[in-house]
Amino acid sequence: MDKPASREEMLALLDWFQAMGADAAVDETSCDWLARGPTPPGAAYAWPRPDDAQPLTQPESAPTRRLPAQSPTAETTRPRAATPLGASEAETGARRIAREAGSLEALEAALKTFDGCGLKATATKLCFYRGAPTADLMIVGEAPGRDEDLEGKPFIGRAGHLLDKMLAAIGLGETSVHITNIVYWRPPGNRTPTPQEALACRPFLERQIELVSPKIVVAVGGSAAKELFGVAEGIMRLRGKWREIAIGQRKIQAIATLHPAYLLRTPAAKNLVWQDLLQIRSKL
Ligand code: URA
């Protein structure tokens, strides 16, 4: 039998995982998410137990998940909700719940009970919004990262600090801007949210935009822009151009700009963002 790893070895292994970009513990064993078929990654899914005689609903090629050696309870044998939602079911359910929310508080409460987005299963906290409850300018980013997940607020890490500086440069601060993301929970390992995850959250985002009632919506980064505008082009083509998005009964002016996390890696692109910010300031 292998000698058990020492504390130092375990710590060294954790350091190595972190250096490789793994900063969240998702499960004890790796699994092939693609083999789960249409169930969105991260959504509650009834992986078969080794002693299950028949496979459940996954394709034959799906791996069998080894469960930790502990007495089976509802919690340990089935991750979270018993019935995983497909993307369209999640969206329909979300749309009904979101429509009923008459305030941001009610919308946040609805999100807390909503299980249709798989990201919730691996996230620490819901990240709803930061800033003013109603504002002329609404910023929509991609997804919470590690700092946001721990704190439960969007854009509070390094990228968030740069975003604050960008807004301050055109005279705006937390009291005049509403900041959120296209998904409300952190994707494991900071991956880009899948279209299903964004779709499940979309009705809440649309209701949020209705309640905040901004003059301008700014999509920050490529994936927010693609999801918000329903287009496939890259951010370099999308940025800096005004368009209208239809939210409820309203048409709202919207523009995309580069993500501050990209600017941290590519400071030379700041001049492009400055041009976008000037356009935003003059439209406000
Ligand atoms: N990046 C985002 O897109 N959103 C956040 O909330 C944080 C980082």
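So, here's what we can say about the structure. Computed from a prediction, not measured in an experiment: that's the story for all the values here.

Quick notes on the rules
Residues numbered from 1 in each chain as written. Predicted model: local features only at pLDDT ≥ 70, side-chain atom pairs only at ≥ 80, totals over all residues. Heavy atoms only, no water. Near = heavy atom within 4 Å. Polar contact = N/O pair within 3.5 Å; in protein donor to acceptor, adjacent residues only side chain to side chain. Areas by Shrake-Rupley, 256 points an atom, 1.4 Å probe, with all protein chains shown as cover. Nonpolar A, V, L, I, M, F, W, Y, C, P; charged D, E, K, R; others polar. Salt bridge = Lys/Arg side-chain N within 4 Å of Asp/Glu carboxyl O. Helix = DSSP H or I, 4+ residues; strand = E, 2+ residues; numbered from the N terminus. Buried < 20%, exposed > 50% of the residue type's maximum accessible area, 1.4 Å probe, protein only. Axes fitted to C-alpha atoms, helices over the stretch in contact; angles between N-to-C directions. Parallel < 35°, antiparallel > 145°, perpendicular 65-115°, else oblique. Left-handed = near helix turned anticlockwise from the far one by under 90°. Contact = heavy atoms within 4.5 Å. Core = buried A, V, L, I, M, F, W, Y, C linked by side-chain atoms within 4.5 Å. Expected span 1.5 Å × (residues − 1). Arc of directions from axis to C-beta.

## Points about the site of the ligand
Neighbouring residues of the ligand: Gly141, Glu142, Ala143, Pro144, Glu148, Pro154, Phe155, Asn181 and His259. Backbone polar atom of glutamate 142 to an oxygen atom of the ligand: 2.8 Å apart, as the coordinates give it. Between histidine 259 and the ligand, the recorded distance is 2.8 Å, taken from a side-chain N or O atom to an oxygen atom. For the ligand, whose free accessible area comes to 240 Å², the fraction covered by protein is 91%. Taken together, the residues of the shell around the ligand break down into four nonpolar, three polar and two charged.

## What about the pattern of salt bridges?
In the structure shown here, the tally under the stated rule is ten salt bridges. As a salt-bridge pair, glutamate 206 and arginine 95 come within 3.4 Å of each other at their nearest N and O atoms. Note that glutamate 206 is positioned in helix H7 (residues 195-212) and arginine 95 in helix H3 (residues 87-100), a separation of 111 residues in sequence. Taking relative accessible area as the criterion, glutamate 206 reaches 18% and is therefore assigned buried. Residue arginine 95 is classed as partly exposed on the basis of its relative accessible area of 27%. Ionic pairing is found between aspartate 276 and arginine 239, a salt bridge with its closest N-O pair at 2.8 Å.

## Notes on the packing of helix H4 (residues 104-113) against H7
Following both chains from N to C, one finds H4 and H7 inclined at 165 degrees, their axes separated by 10 Å at the closest point. In this view, H4 runs roughly antiparallel relative to H7, as classed from their interaxial angle. Crossing angle aside, the handedness with which H4 passes H7 is left-handed. Two secondary-structure elements touch here, H4 through Leu104, Leu107, Ala110 and Leu111 and H7 through Phe204, Arg207, Gln208, Leu211 and Val212. Of the residues assigned to the contact of H4 with H7, the class counts are seven nonpolar, one polar and one charged.

## Quick notes on the nonpolar core
Residues Leu137, Ile139, Tyr184, Trp185, Phe204, Val217 and Leu228 are the most contacted members of the largest nonpolar core, which totals 61 residues. For this core, the element with the highest residue contribution is H7, accounting for eight residues. Residue contacts for leucine 137: discarding those within four places in its chain leaves Leu167, Leu172, Ser176, Val177, His178, Pro214, Ile216, Val218 and Ile280.

## Topic: helix H11 (residues 270-283)
The end-to-end C-alpha distance of H11, which contains 14 residues, comes to 20 Å, matching closely the 20 Å that a straight helix rising 1.5 Å per residue would cover. Taken as a whole, H11 has its buried residues at Val273, Asp276, Leu277 and Ile280. For H11, the angular spread of buried residues about the axis comes to 100 degrees, placing them on one side. Taken together, the buried residues of H11 touch strand S2 (137-141), helix H6 (158-169), strand S4 (216-220), strand S6 (250-257) and helix H10 (260-265).

## Some points on the environment of glycine 145
With respect to the helices, strands and loops of the structure, glycine 145 is situated in the loop between S2 and helix H5 (146-151). On the basis of relative accessible area, glycine 145 is assigned to the buried category, the value being 13%. On a C-alpha basis, the gap between glycine 145 and isoleucine 156 in space is 9.0 Å, while along the polypeptide they are eleven residues apart. Excluding anything up to four places from it in sequence, glycine 145 contacts Arg186 and Asn190.

In short, geometric facts, not functional conclusions.
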